[in-house]
Amino acid sequence: MSAEEPLFRVVRGVPTAEELAALVGAIITRSRPAAAPAPTTTSAWARSGRPAPARGWRAAGLPR
């Protein structure tokens, strides 16, 4: 692909500058690789309200 060759072209119709800008933005957004979501960390306060993992009946009476 040469420097003068366009990346895409409008085949039919006469788009406005805003429509072309929206098209370019959509193409750029779709061409990027999706970023992996950041792992969420749970605070100790939130973990304290959740049920404890099943550790057996003996450990149920021990403090956490």
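Keep in mind that this is a model prediction, so the values were computed, not measured.

K.L.:
For the overall build of the protein chain, give the residues involved together with the corresponding values.
P.N.:
The secondary structure content of the protein chain amounts to two helices and zero strands. Within the protein chain, the fraction of its 64 residues that count as buried is 2%. For the protein chain, the exposed surface amounts to about 6,500 Å²; the carbon and sulfur share of it is 61%.

K.L.:
Tell me about a nonpolar patch on the surface, and name the residues and values.
P.N.:
Together, Leu-7, Phe-8, Val-10, Leu-20, Leu-23, Val-24, Ile-27 and Ile-28 make up an exposed nonpolar region whose accessible area comes to about 640 Å². Within the fold, Ile-28 resides in helix H1 (residues 17-31).

Each value, and the rule that gives it
- Residues numbered from 1 in each chain as written.
- Predicted model: local features only at pLDDT ≥ 70, side-chain atom pairs only at ≥ 80, totals over all residues.
- Heavy atoms only, no water.
- Helix = DSSP H or I, 4+ residues; strand = E, 2+ residues; numbered from the N terminus.
- Buried < 20%, exposed > 50% of the residue type's maximum accessible area, 1.4 Å probe, protein only.
- Areas by Shrake-Rupley, 256 points an atom, 1.4 Å probe, with all protein chains shown as cover.
- Patch = residues over 30% accessible without salt bridge, like charges linked within 9 Å, V, L, I, M, F, W, Y side chains within 5 Å.
- Salt bridge = Lys/Arg side-chain N within 4 Å of Asp/Glu carboxyl O.

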